[in-house]
Amino acid sequence: GLDMHEQLPEVDLILRHLIDAQDGNDNYEDMETVLYLIMLFNRTEFLDDYRKLLQKSEQQDFYLDFLMQTLDSSWQIRTEKLRCPKYSNAVYEVVLLSKENKAEAVQRLRRYLKRQWILTLRKGVITHHDLKDDNYRGFWCIASAALVKALKLDDTELKDCKYYPRDMAHFC
């Protein structure tokens, strides 16, 4: 229930913790979360640390490279492969569609939010052990907000999607 600006100190703590914990771990979910938080809360002061982690990562991923390139135009996409295709295929499709047809990209994102997102909470890579191990992250699909922001999509069609955090997409 806090205003987005009131959450910035906590976001900074989360980012610092995730970046520090990531050094040497190469955890895809955490790498993705860091990037989303940097994008959504405009925390560019963490971008250099993230860039170093991404450069050191042995497992390259198109999706993370693409999102990084939206923040840093000098970032080179190192692969066309997805590291976790089962999880990231839908968001990857949104990225690809956005290059030719932004309206269709929004429709694909809408279908993902309405039909697929909740399933990832039950049996996907995102929450693999979360419910059993008390690591529940909540229902917000922060990936959708990050994509809307990064791809400059019109999110009018997403307003009625209950898992879409519109306030995050429009912050800063």
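Parameters at a glance
Residues numbered from 1 in each chain as written. Predicted model: local features only at pLDDT ≥ 70, side-chain atom pairs only at ≥ 80, totals over all residues. Heavy atoms only, no water. Helix = DSSP H or I, 4+ residues; strand = E, 2+ residues; numbered from the N terminus. Buried < 20%, exposed > 50% of the residue type's maximum accessible area, 1.4 Å probe, protein only. Salt bridge = Lys/Arg side-chain N within 4 Å of Asp/Glu carboxyl O. Axes fitted to C-alpha atoms, helices over the stretch in contact; angles between N-to-C directions. Parallel < 35°, antiparallel > 145°, perpendicular 65-115°, else oblique. Left-handed = near helix turned anticlockwise from the far one by under 90°. Contact = heavy atoms within 4.5 Å. Nonpolar A, V, L, I, M, F, W, Y, C, P; charged D, E, K, R; others polar.

(A) Region of the structure containing unusual backbone geometry. For Asn 42, which is not glycine, the phi dihedral falls at a positive 55°. Structurally, Asn 42 is set in the loop between helix H2 (28-40) and helix H3 (47-56). Residue class for Asn 42 comes out partly exposed when judged on its relative accessible area of 42%. Unusually for a residue other than glycine, Lys 152 sits at a positive phi of about 55°. With respect to the helices and strands, Lys 152 occurs in the loop between helix H7 (142-151) and helix H8 (166-169).

(B) Broad picture of the pattern of salt bridges. On inspection of all chains with the given rule, the structure shows twelve salt bridges. The shortest N-O distance in the salt bridge between Asp 48 and Arg 51 comes to 2.4 Å. Placement of both Asp 48 and Arg 51 in helix H3 is noted, with a separation of three residues, approximately one turn of the helix. Look at Arg 51 and you get buried, because its relative accessible area is 19%.

(C) Representation of the packing of H2 against helix H4 (residues 62-71) within the structure. Following both chains from N to C, one finds H2 and H4 inclined at 20°, their axes separated by 11 Å at the closest point. Taken together, the axis directions place H2 and H4 in an arrangement best described as roughly parallel. Here H2 and H4 pass one another in a crossing that is left-handed. Touching Tyr 28, Met 31, Glu 32, Leu 35, Tyr 36, Ile 38 and Met 39 of H2 are Tyr 63, Leu 64, Leu 67, Met 68, Thr 70 and Leu 71, all from H4. Class assignment for the residues of the contact of H2 with H4 results in eleven nonpolar, one polar and one charged.

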